[in-house]
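In case you want the letters, here they are:
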Amino acid sequence: MNTPHNSHPPALFPAILASSIHDMKNSLGMVLSSIDGIVERKPTDHGYLLTLEEVARLRYEAARVNDNLMQLLSLYRIENSHYRPMINEVFVCEFLDEAIASNHAIIQSYGIEAQLHCQEELNWYFDPMLVSGVINNVVTNSLRYTSSRVELSATVEDEYLSIRIEDNGSGFPPAMLAVNGYQEQTSIDFYSGQTGLGLYFSAIVAKLHRNGERCGSIRLSNGGRLGGGCFELLLP
Amino acid sequence: MSDITPEAIAEKRFLIIDDFDQFRQYLRQLLRSIGATQIEIAQDGKQAIELLQSHHYDVIYCDYNLGPGSKDGQQLLEEARQRRLINELTIFIMVTVENAMDMVMGAMEFRPNDYLAKPFNKQLLRKRLVRQMEHQQVLQPLLLLQRDGNLPQAIELCDLLAEENPHYALSLQHQKGMMLLKLDRYGEAISLFQSILYSRPIGWAQMGLAESLYAQGDLERAEGIFTKIIRDNPSMVTAYDYLAQIKWRQEKLAEAEAYLLKAVNVSPKKVQRQEWLARIALQNEHIELAESAARAVISYATNSIHENINHYARLATIQARRGDELGASETMALARRQFREEGSPTLKLVQANLKYKRGDLAGASAILDELDLLSRSREDLLAEFLLSLADTELMVDRRSEGKALLERIAENHHDDDRILEEIHYLFRKYGMDDEGRDMVERVKQRIIELNNHGVAMARKGNMSGALQHFRGALEKMPNNVTINVNTLQVLFRAEERVQLLSENIELARTCMQRLQKQTYPHPKLPLLQSQLNKILTGTATP
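A short tour of the structure in this document, coming up. (Residues numbered from 1 in each chain as written. Chains lettered and ligands numbered in written order. Predicted model: local features only at pLDDT ≥ 70, side-chain atom pairs only at ≥ 80, totals over all residues. Heavy atoms only, no water.)

## Here's the deal with the overall build of chain A
Item 1. Looking only at helices and strands, chain A features nine helices and nine strands.
Item 2. The buried share among the 236 residues of chain A stands at 47%.
Item 3. Accessible area of chain A: about 11100 Å², with a carbon and sulfur share of 55%. (Helix = DSSP H or I, 4+ residues; strand = E, 2+ residues; numbered from the N terminus. Buried < 20%, exposed > 50% of the residue type's maximum accessible area, 1.4 Å probe, protein only. Areas by Shrake-Rupley, 256 points an atom, 1.4 Å probe, with all protein chains shown as cover.)

Here's what the structure looks like:
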C-alpha cells in the first residue's frame, strides 16, 4: 500500500523556501565579501593572488548555492507536479566516482585524500538524478569539514544498497544526529531544527525510493571507519 | 582503466548546440582540453538542423533549452532521429539545468544516450564521454545491425553480448525488448518484460509490457498496467496517451479526452497529442477545449517538422463550428500566407463547410465534387484529410460519395488500426454502424487475399508475375503500406535482370517514397532502404 505522496503539510514549503533563501544569501554574501577582500589587495602582474584555502572556500560556497537551488526545485516539483523517482539501473561504482570527479576543485585545493570502495559490478536501481543531488551535496560538505580524508563506499546489506560517505573530521553536531529519530515524521520540527535543507532533501529522496513495502532512509553517525562523520544512504 | 585516449577523442566530430554563447565557448574549451579537435557549434534548433543535414557528427551536446524562438532539445532530437539525420551510432547528450529525469529522458522512443546536468566540470565531462564511448565500442556490432535495419540479427546478438558483458545485461535486455516490439513479436516481448519485472519494478519494462499487451489487443490488462504506471509516476506521459487510445477504442470518448488533458498538462509540447485532443474534444462537442488545443498545435508545430496546413484547417473548422466565421476566414488567410498555397484542398474543404453552414448547399456540393475527383486522382492526400472529407460528405447527406470514399481509405490502410477506428467512428456517427463494420471486414478480407495471392506467386518463384500483380493492386490502393512493402520484398528476391528493368526500378522508387512519407515509419524501412540502395548502385548480391 503506497502512502499518500503528500506526506508533509503544505505549510512546509514556504518555511523551506524562506530558510534556504536565508542560507543562500549567507553563502553568496561570503563569496561577495571574499571577492571584495581580494580586490583590496595589491594586484601583481598576473592579477590578484589567492590562497588555495580561499579558492576552495569560494568554490564550496558557490556549490552550496547551486545545491540549494537544485534541491528547492526538486522539492517543489515533488510537491506540486508529483514528481516521483524514475527508477533506472545505475552502475554504482561509476556513479560514486562521478561524485568525486564533480568535487575535483575542492579536493585539489584542500589537498584531501578521496577514496572509493565499491565493487565494479555493483548495479542498483534508483533515480540517478535525484540521488546524485543528495550524494554530491553530502560529499561537498564532507570535504569542507573533514581533516584530510573522505571515503565513499557502497555495499549491499540486507537487500538495501548502503552508500556511505565518511570523513576524519570532528563529526556531526548533536542537532544533526537528531535526524535519525525523525524520519517517520516529516514535520516542521524535523525540518527547521538545525538540520538544514540538504538533510531534509536527502531524507525525502530516500523515503521516496520504495520497493514493495520497504523504503529508503538516511542515517548519520559519528566514528565510522575514519573516526569523523558518517553519512549513510539506504536504498531498497 | 580505459583505452579511450585523447587521440581517440580527437577522431570524433563534435557538435555543440546551445543558445548561450558563453556556455558554447566554455564547453568547446573543455572539449579541447580533453583532446577534441573537431568541434562545431550551432546556436539554435534551426542552425543545428542545417548542420546535421550536411555533416555527420559522432557526439552531440545539445541543451534542452534553446531559447524562445527555437525548438527545444527534445524536439530537435526527435526530428533528427525521425529524419535519420543522426543514427544509432551517434552519441546524443542532452545538457540541462533540470534535475528531474522526466524532462530530459522524454518518451521511450526518443531518449538521448545520456544527460549532463549543468553545472559540470572537466572531470565529469570527460568521465561521462569516456563512459559513452566505451559503451559504444562494446555495442558497436549491435548498433551497426540496428542502423542497417537488420533487427532479427540484432536481437540475437543481444543475448550474445549480454553473456560477454554481464555489466550491460539489463540495458541489452532493454534494447532487445524494444526491437521485439518493433517486429511485432509480442509473445517474446511479454516474456522478456515479465522476467525483468519479477525482480524489479523498472519503468521501461512496465511500459514495454503494457505496450505489448495493448498491441496484442488485450486492452484490459494493458489498461491495468498503464494505470499503475501513472499512479506510481504521474509524469510518465506516454502511459496517458495509451490510456486515451484504449478508451477511444472502447468508445468512451469522455474518458479518452480526460486522459489526454492530463497528458497535455504534464507535457504540452507534443504536437500529435494536442492534435488528438483537439479532434476528440470536437467529437465530444467541447468546442472551447478543441479550439485551445487546435491553437496549441499551431503554436508548437511552428518551426518543426510537424508544420502543416492541416492544422490551420482544423482550427478554422472549429471556429466555423463555433459560429466564428470571421475567425475562420482569418485563420485561412493566415494559412494561405504561411504556406503560399492558394488552391489547398484542406482549405477548400473548410470553405465547403462554411458554405454548408450558411445554407449554400449547391456551393458546398460543387467544392465537394472537385475534392472527390482530387481524392481519386491524387495519391498524396493525407488519410486525415480524406477522413474529414468523408465526414463532410456524410454531413451534407452525400451518402454514396462518403461511403465510397471511406471504402477507398480502408483499402489503403487495411492494417492501420487507428484509421480503421476513425472509419468506424464516422459510420457510427451517421447511424450506419453495422454497414461500416461489414464494409471494413470485406475490404480487409479482399486485401488479405490479394496479398496472399501475390506472395504465393513469389513463393513459387514467379517474381515477374507477382510484381505484375502487386503493380496492379497499387494502382487501386497506392498507399497501402503492406502492399508497398511486399512489392519491394518481391523485387529484392527477383533475378538481377528483372530487378534492373527500368519499369521495376521506377516502381521500387515509388514504393520507397510512399513508405518514407508515412507518419510512423515502418520498422523494416531502414533495411528496405539499404537493400534498394544496393540494387541502385549495382552492388546487390543475388
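## Observations concerning the nonpolar core
Item 1. Grouped together as the largest cluster of nonpolar side chains are 190 residues, with contacts concentrated most on I135(A), F226(B), L406(B) and I423(B).
Item 2. In this structure, I9(B), F23(B), V95(B) and L124(B) belong to the second largest nonpolar core, which totals 24 residues. (Core = buried A, V, L, I, M, F, W, Y, C linked by side-chain atoms within 4.5 Å.)

## Description of the interface of chain B and chain A
Item 1. The partner chain A presents 32 residues to the 30 residues of chain B that form the contact.
Item 2. Note on chain B versus chain A: buried area summed over both sides is about 2900 Å², and carbon and sulfur give 55% of it.
Item 3. Our enumeration of links across chain B and chain A arrives at four salt bridges.
Item 4. Measuring nitrogen to oxygen at the nearest pair gives 2.8 Å for the salt bridge that ties E98(A) to R128(B).
Item 5. Connecting chain B to chain A are nine residue pairs in polar contact (both at pLDDT 80 or more).
Item 6. Among the elements of the structure, α5 (101-105), β5 (114-117), α6 (122-147) and α8 (169-182) of chain B are those that each provide at least two residues to the side of chain B that touches chain A.
Item 7. A per-element tally of the side of chain B that touches chain A places α6(B) first, with five residues. (Contact = heavy atoms within 4.5 Å. Buried area = accessible area lost by both parts, 1.4 Å probe. Salt bridge = Lys/Arg side-chain N within 4 Å of Asp/Glu carboxyl O. Polar contact = N/O pair within 3.5 Å; in protein donor to acceptor, adjacent residues only side chain to side chain.)

## Considering helix α24 (residues 463-476) of chain B
Residue and element names in this part refer to chain B.
Item 1. For α24, which comprises 14 residues, the first-to-last C-alpha distance of 20 Å matches the rise-based estimate of 20 Å (1.5 Å per residue) to within 8%.
Item 2. Buried-residue contacts for α24 involve α23 (433-459), α25 (481-493), α26 (496-499) and α27 (502-516).
Item 3. Its side-chain oxygen at 2.8 Å from the backbone nitrogen of G465, N462 defines the N-terminal cap of α24. (Expected span 1.5 Å × (residues − 1).)

## Looking at the side chain of S102(A)
Item 1. By the element assignment, S102(A) lies in helix α3 (residues 92-102).
Item 2. What S102(A) contacts, discounting residues up to four positions off in sequence, is R59(A), N136(A), N121(B) and L124(B).

## Brief notes about a nonpolar patch on the surface
Residues and elements named next belong to chain A.
Item 1. Together, I35, V39 and Y48 make up a nonpolar patch on the protein surface, roughly 260 Å² of accessible area in all.
Item 2. By the element assignment, Y48 lies in the loop between α1 (12-39) and α2 (52-80).
Item 3. For Y48, a relative accessible area of 39% translates into the label partly exposed. (Patch = residues over 30% accessible without salt bridge, like charges linked within 9 Å, V, L, I, M, F, W, Y side chains within 5 Å.)

## A few points about the sheet that holds strand β3 (residues 59-63) of chain B
Residues and elements named next belong to chain B.
Item 1. Overall, parallel pairing links the five strands, which are arranged β2-β1-β3-β4-β5 in an open sheet. At either end of the open sheet lies a strand with only one pairing partner, and these are β2 (38-42) and β5. If you compare each strand with its neighbour and ignore which way they point, the axes differ by 20 degrees on average.
Item 2. Where strand β1 (residues 13-17) meets β2, five bridges bridge the pair, whose relative direction is parallel. Bridge assignment links L15 to a residue of β2, and that residue is E40. (Pairing = 2+ DSSP bridges. Axes fitted to C-alpha atoms, helices over the stretch in contact; angles between N-to-C directions.)

## Here's the deal with the packing of helix α21 (residues 399-412) of chain B against α23(B)
All names here are of chain B.
Item 1. Relative to each other, α21 and α23 sit at 40 degrees, their axes nearing to 9 Å. Between α21 and α23, the angle is such that the two are oblique. α23 is crossed by α21, and the crossing has right-handed handedness. Facing K403, L406, E407, A410 and E411 of α21, the residues of α23 in contact are E435, M439, R442, V443, R446 and I447. (Parallel < 35°, antiparallel > 145°, perpendicular 65-115°, else oblique. Left-handed = near helix turned anticlockwise from the far one by under 90°.)

## What about the packing of helix α19 (residues 361-377) of chain B against helix α20 (residues 383-395) of chain B?
Residue and element names in this part refer to chain B.
Item 1. Viewed as axis vectors pointing N to C, α19 and α20 meet at an angle of 145 degrees, and their least axial separation amounts to 11 Å. The crossing of α19 and α20 is left-handed. On α20, the residues that touch L368, L371, D372 and S375 of α19 are F385, L386, L389, T392 and E393.

## Quick look at the pairing of strand β4 (residues 91-96) of chain B
All names here are of chain B.
Item 1. With respect to burial, β4 is a largely interior element, six of its six residues being buried.
Item 2. The two faces of β4 match: I91, I93 and V95 on one face and F92, M94 and T96 on the other face are all buried.
Item 3. Taken together, the five bridges between β3 and β4 define a ladder with parallel strand orientation. For V59, the partnering residue across the bridge sits in β4 and is I91.
Item 4. Considered for its hand, the β-α-β crossover made up of β3, helix α4 (residues 73-82) and β4 is right-handed. (Right-handed = clockwise from strand over helix to strand, strands pointing away.)

## Points about the pairing of strand β4 (residues 149-157) of chain A
Residue and element names in this part refer to chain A.
Item 1. Looking at chain direction, strand β2 (residues 113-117) and β4 are connected through five bridges and run parallel. Among the inter-strand pairings, A114 is bridged to a residue of β4, identified as V150.
Item 2. Alignment of β4 against strand β5 (residues 160-167), held across eight bridges, turns out to be antiparallel. Looking at β5, one finds that L152 is bridged to I165.

## What to know about the packing of aromatic side chains
Item 1. For the coordinates displayed, the defined rule picks out 10 aromatic pairs over all chains.
Item 2. Aromatic rings pair up to connect F23(B), Y26(B) and F120(B) into one cluster.
Item 3. Between R144(A) and the ring centre of Y60(A), over which it is positioned, the NZ or CZ distance is 5.4 Å.
Item 4. Directly above the aromatic system of Y115(B) lies the positively charged group of R128(B), at a separation of 5.3 Å from the ring centroid. (Phe/Tyr/Trp six-rings, centres within 6.5 Å; stacked < 30°, edge-to-face > 60°. Lys NZ or Arg CZ within 6 Å of the ring centre and 35° of its normal.)

## Here we look at the sheet that holds β5(A)
Residues and elements named next belong to chain A.
Item 1. One open sheet accounts for five strands, arranged β2-β4-β5-β9-β8; its pairing is mixed. Because the sheet does not close on itself, it has two edges, and the strands there are β2 and β8 (217-223). Direction aside, the axes of adjacent strands within the sheet are offset by 15 degrees on average.
Item 2. Running over the sheet, helix α9 (residues 196-208) touches β8 and β9 (228-235) and is turned about 130 degrees from β8.

## Structural notes on the environment of K252(B)
All names here are of chain B.
Item 1. By the secondary structure assignment, K252 is in the loop between α12 (237-249) and α13 (253-266).
Item 2. The class for K252 is partly exposed, based on a relative accessible area of 37%.
Item 3. Taking the C-alpha atoms as reference points, K252 and I86, 166 residues apart in sequence, are found 40 Å from one another.

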